[in-house]
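Chain by chain, the residues:
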Amino acid sequence: MDVTFAPLTDKDEEELVKFLTTNRFPFHQITAPSEELVRRLLLEGRFESDGVRTFWVFGSNQRLGLVILEDLAEECAVFDLRLIEEHRGEGKGVPVVKALTAEAFTQYPHLRRLGGKMREDNIAMRKTLLRSGFVKEAHIREGWPLPGGNRIAAVTYSRLRSDWEAGTVTGFVWEEIAAGTG
């Protein structure tokens, strides 16, 4: 599948509001954003500001979703990928994430890493990231608040530019020191 990205423009405001209010995002902190919230976030620069760029994601000649790249002024950018509900579960996540990685490292040559943070129960996205060459780097217990006050773990994955360039995946040993005394 050929994946392309089109930058969000000022003309896309209504389309962005429609996209975010007509799709549910069960693994995001705000699962069903209201029109009022989306319009406020637009004004606050959530989608376009210093270090933040938003792109429509296209594949197979149709819109698949939206991706927000954040922290673009830093060496490690993070992304927020939101696919249209009807395209979830179709195996499109891996080609989208691989194309996104290439796009980020090509368009932003100062980036050393590209990362994503999600709820631990977002198994589909976690598998997508692993299949796309990302490595789990953090498992933060009770790091993701849920409605009602409960919390679950937040999990962070990233892809190194050096791994992307070499076509490799380098991991690390999680427990490299013993917990004993001394």
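The structure presented is a predicted model; accordingly, all values stated were derived computationally and were not measured.

Draft legend 1. Representation of the sheet that holds strand β7 (residues 151-160) within the structure. Taken in spatial order, the seven strands of this open sheet run β1-β2-β3-β4-β5-β7-β6, and their pairing is mixed. In the strand order of this sheet, the two ends are held by β1 (3-7) and β6 (135-145), each with one partner. Adjacent strand axes in the sheet meet at a mean angle of 30° when their direction is disregarded. Here strand β4 (residues 76-83) runs beside strand β5 (residues 113-119); their pairing, made up of three bridges, is parallel. Following the sheet pairing, V78 is matched in β5 by G115.

Draft legend 2. View of the packing of aromatic side chains. One pass over the full model with this rule turns up five aromatic pairs. When the centroid spacing of 6.1 Å and the interplanar angle of 75° are considered together, the rings of F79 and F134 count as edge-to-face. Linking F79 in strand β4 with F134 in the loop between α4 (123-131) and β6, this pair joins segments that are 55 residues apart in sequence. Here the two residues F79 and F134 agree in accessibility, since each one is buried. An aromatic cluster is defined as three or more aromatic residues linked by ring pairs; in this entry it consists of F19, F25 and W56. A cation over an aromatic ring shows up here: R63 above the ring of W56, its NZ or CZ 3.7 Å from the ring centre.

Draft legend 3. Here's a closer look at the packing of helix α1 (residues 13-22) against helix α2 (residues 35-44). One can describe the packing of α1 onto α2 by two numbers: an axis separation of 9 Å at closest approach and a directional angle of 135°. Relative to α2, α1 is oriented oblique. Helix-helix and strand crossings are classified by hand; for α1 and α2 the assignment is right-handed. Residue-level inspection shows E13, E14, L16, V17, L20 and T21 of α1 in contact with α2, the latter providing E35, V38, R39 and L42. Looking at side-chain class alone, the contact of α1 with α2 contains five nonpolar, one polar and four charged residues.

Draft legend 4. Main features of α2. Residues L37, V38 and L41 constitute the buried set of α2. Looking straight down α2, one finds that the buried residues subtend no more than 100° of arc, so they occupy a single side. Turned more than 90 degrees off the buried face of α2, the exposed positions are E36 and L43. Those residues of α2 hidden inside the fold are in contact with α1. Phi turns positive, to about 85°, at G45, one or two residues after α2.

What counts, and where the lines are drawn
Counting starts from 1 at the beginning of each chain's written sequence and moves along it residue by residue. Totals for whole chains, interfaces and linings use all residues, but because this is a predicted model, local features are given only for residues with pLDDT of at least 70 and pairs of side-chain atoms are given and counted only at 80 or more. The basis for every side-chain value is the complete set of non-hydrogen atoms in the structure, without hydrogens or water. Between any two strands, at least two bridges found by DSSP are needed for them to pair. What counts as a helix is a DSSP run of H or I of at least four residues, what counts as a strand is a run of E of at least two, and both are numbered from the N terminus. Every axis in this analysis is a line fitted to C-alpha atoms, fitted for helices over the stretch in contact. Angles between the N-to-C directions lie between 0 and 180 degrees. Note on ring pairs: Phe, Tyr and Trp rings are taken, using the six-membered ring of Trp, and paired if centres are within 6.5 Å. Classes follow the plane angle, with under 30 degrees stacked, over 60 edge-to-face and the rest tilted. Only protein chains enter the accessibility calculation, which uses a 1.4 Å probe; a residue is then buried when its area is under 20% of its type maximum, exposed when over 50%, and partly exposed in between. Whether a charge lies above a ring is judged from NZ of Lys or CZ of Arg, which has to be within 6 Å of the ring centre and within 35 degrees of the ring normal. Convention used here: angles under 35 degrees read as roughly parallel, angles over 145 as roughly antiparallel, angles from 65 to 115 as roughly perpendicular, and any remaining angle as oblique. Handedness of each helix crossing follows the sense of rotation of the near helix against the far helix: counterclockwise by less than a right angle gives left-handed, clockwise gives right-handed. Throughout, a residue-residue contact means that at least one pair of heavy atoms, one from each residue, lies within 4.5 Å. As a working rule, the residues Ala, Val, Leu, Ile, Met, Phe, Trp, Tyr, Cys and Pro are called nonpolar, Asp, Glu, Lys and Arg charged, and the rest polar, with Gly in that last group. Directions pointing from the helix axis toward each C-beta atom define the arc.

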